Amino acid sequence: MIREEEVYRIGKIGKPHGVKGEVTMMFNDDVFDRVDAEYIILKTEGILVPFFFEEYRFRSDETAIVKFCDIDTQEQARGLTNCEVFFPRHLSDSSDDDFSLNELVGFEIKDYIYKKVIGTVCGIDDTTVNTLFEVTTGEGSNMLIPASPELIKEIDPDNHTITMALPEGLLDL
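Everything quoted here is computed from the prediction, not taken from an experiment.

Here is what the cut-offs are and how they apply
Residues numbered from 1 in each chain as written. Predicted model: local features only at pLDDT ≥ 70, side-chain atom pairs only at ≥ 80, totals over all residues. Heavy atoms only, no water. Helix = DSSP H or I, 4+ residues; strand = E, 2+ residues; numbered from the N terminus. Buried < 20%, exposed > 50% of the residue type's maximum accessible area, 1.4 Å probe, protein only. Contact = heavy atoms within 4.5 Å. Areas by Shrake-Rupley, 256 points an atom, 1.4 Å probe, with all protein chains shown as cover. Lys, Arg positive; Asp, Glu negative; His and termini not counted. Charge placed at Lys NZ, Arg CZ, Asp CG, Glu CD. UniProt positions renumbered as here; feature names shortened; annotations may be inferred.

J.: Go over the overall build of the protein chain with me, naming the residues and quoting the values.
T.: Helix and strand counts for the protein chain stand at two helices and twelve strands. Put simply, the protein chain runs from its N terminus to its C terminus through helices and strands in the order β-β-α-β-β-β-α-β-β-β-β-β-β-β. Taken over the C-alpha atoms alone, the protein chain extends approximately 55 × 35 × 30 Å along its principal axes. When the 173 residues of the protein chain are sorted by exposure, 41% land in the buried category. Looking at the protein chain alone, contacts between residues at least 24 apart form 53% of all its contacts between residues at least 6 apart. Of the roughly 10100 Å² that the protein chain leaves accessible, carbon and sulfur atoms contribute 48%. The centroid of the 16 positive side-chain charges in the protein chain is displaced by 5 Å from the centroid of its 35 negative side-chain charges.

Here's what the structure looks like:
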């Protein structure tokens, strides 16, 4: 069984494309192409399931037309509509110094000075010029923290932590 911490979200399946089982996939990380992956993971009915590529082609920088093995009809493809798309962390081409922001979802953010856990990254907001970590605190509240490389002191992939030097007063907002 595939666990949530073993994968990270890279996109979503759109509507069927044609009648032979192809689907549109919107993505924000093309890691599946960079590392020559044979499969990606879809969340279907709450379960993470591997789907193997038969073929795919890029439609734009953020969209691909995908044909999965054993998905051969428009009806089967329609069943995948709106499924979230994930990629296995162990297949990622990221190094210890170079992570995709999507890979950091699920990591804890720790304060560099006070060494306390601020919260867990639950999403990435890249709708503005300044990319933000969407963080859920231990008390259950949500906050936005700048995902600026200048603030990130260390990323520890083994312990799933990001140590950040945050500006004074940011956590009080």
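After that view of the structure, there is still more to cover.
J.: Now, about the UniProt feature "domain: Ribosome maturation factor RimM PRC barrel" (unreviewed entry) in the protein chain: what can you tell me, with residues and values included?
T.: In this numbering, the UniProt entry assigns the feature "domain: Ribosome maturation factor RimM PRC barrel" (unreviewed entry) to residues 102-170. From the first C-alpha to the last, residues 102-170 spans 23 Å; its make-up is 0% helix and 46% strand.

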